[in-house]
Amino acid sequence: MGAKLRVARRRIRSVQSTKKITRAMELIASSRIVKAQQRVEASRPYAQQLTAAMEDLARYAGGALDHPLLKERETPRAAGVLVVTSDRGLAGAYNANILKESEALVRSIRDRGLEPVIYALGKKGIGSFRFRGIPIERQW
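Just so it is clear, the structure is predicted and the values come from calculations on it, not from any experiment. (Residues numbered from 1 in each chain as written. Predicted model: local features only at pLDDT ≥ 70, side-chain atom pairs only at ≥ 80, totals over all residues. Heavy atoms only, no water.)

With that settled, the discussion passes to the overall build of the protein chain. Within the protein chain, the regular secondary structure consists of 3 helices and 3 strands. In sequence order, the secondary structure elements of the protein chain are arranged as α-β-α-β-α-β. The C-alpha atoms of the protein chain give a radius of gyration of 24 Å, which is well past the 14 Å a tight globule of 140 residues would have. For the protein chain, the C-alpha atoms occupy an extent of roughly 85 × 35 × 20 Å along the three principal directions. Looking at the protein chain as a whole, 14% of its 140 residues qualify as buried. Long-range pairs, those at least 24 residues apart, make up 53% of the contacts in the protein chain between residues at least 6 apart in sequence. Working note: accessible area of the protein chain is about 11,800 Å², and carbon and sulfur atoms make up 57% of it. The protein chain carries 27 positive and 13 negative side-chain charges, and their two centres are separated by 22 Å. (Helix = DSSP H or I, 4+ residues; strand = E, 2+ residues; numbered from the N terminus. Rg over C-alpha atoms; globule rule 2.2 N^0.38 Å. Buried < 20%, exposed > 50% of the residue type's maximum accessible area, 1.4 Å probe, protein only. Contact = heavy atoms within 4.5 Å. Areas by Shrake-Rupley, 256 points an atom, 1.4 Å probe, with all protein chains shown as cover. Lys, Arg positive; Asp, Glu negative; His and termini not counted. Charge placed at Lys NZ, Arg CZ, Asp CG, Glu CD.)

This is the structure we're talking about:
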């Protein structure tokens with residue numbers, strides 16, 4: 001009887017300890033979310049300025065948007081792929097899904113006869129492409 005009680009108490013302490021660790025991880029994650037929201041909010045003026053620049057470009061182009069950056073090329077050689085992953089773990093299956101989708105996109109670009117050009121943002125994506133030997137044009 002005493003041995004079973006000790007095992008039960010040890011199990012209760014273990015569960016309580018796990019609960020404390022999980023709670024600490026939740027607090028860390030919520031503070032990171034707040035910081036990420038603040039960064040998004042800080043980038044809003046940049047997005048507004050970019051939108052205004054595009055509107056100016058469209059306005060000055062008149063009815064026909066005949067700007068080199070807005071033209072679809074007749075015989076494209078390459079297509080850029082921007083892969084945005086996290087720097088650390090604890091993102092659930094986010095990184096795995098992003099990498100799986102990017103590989104599918106690269107395959108479909110190659111199937112269309114184009115050369116994919118990889119731009120990677122985030123340590124997880126950069127590490128994954130390096131491990132697979134896939135060249136990265138630029139990384140951040």
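Once you've had a look at it, read on.
Both the distance between ring centres and the angle between the ring planes are used here to describe each pair of aromatic rings. Taken as a whole, this structure holds 1 aromatic pair when the rule is applied. When the ring of Y119 is compared with that of W140, the centres are 6.4 Å apart and the planes differ by 25°; the resulting orientation is stacked. Pair noted here: Y119 is in strand 2 (residues 115–121) and W140 is in the segment after strand 3 (138–139), with a separation of 21 residues, a long-range link. The class for W140 is partly exposed, based on a relative accessible area of 47%. (Phe/Tyr/Trp six-rings, centres within 6.5 Å; stacked < 30°, edge-to-face > 60°.)

Taken together, R32, K35, R39, R88 and K123 make up a surface patch of like positive charges. Summarising the element assignment, R32 is placed in helix 1 (residues 2–60). Judged by its relative accessible area of 39%, R32 is partly exposed. (Patch = residues over 30% accessible without salt bridge, like charges linked within 9 Å, V, L, I, M, F, W, Y side chains within 5 Å. Salt bridge = Lys/Arg side-chain N within 4 Å of Asp/Glu carboxyl O.)

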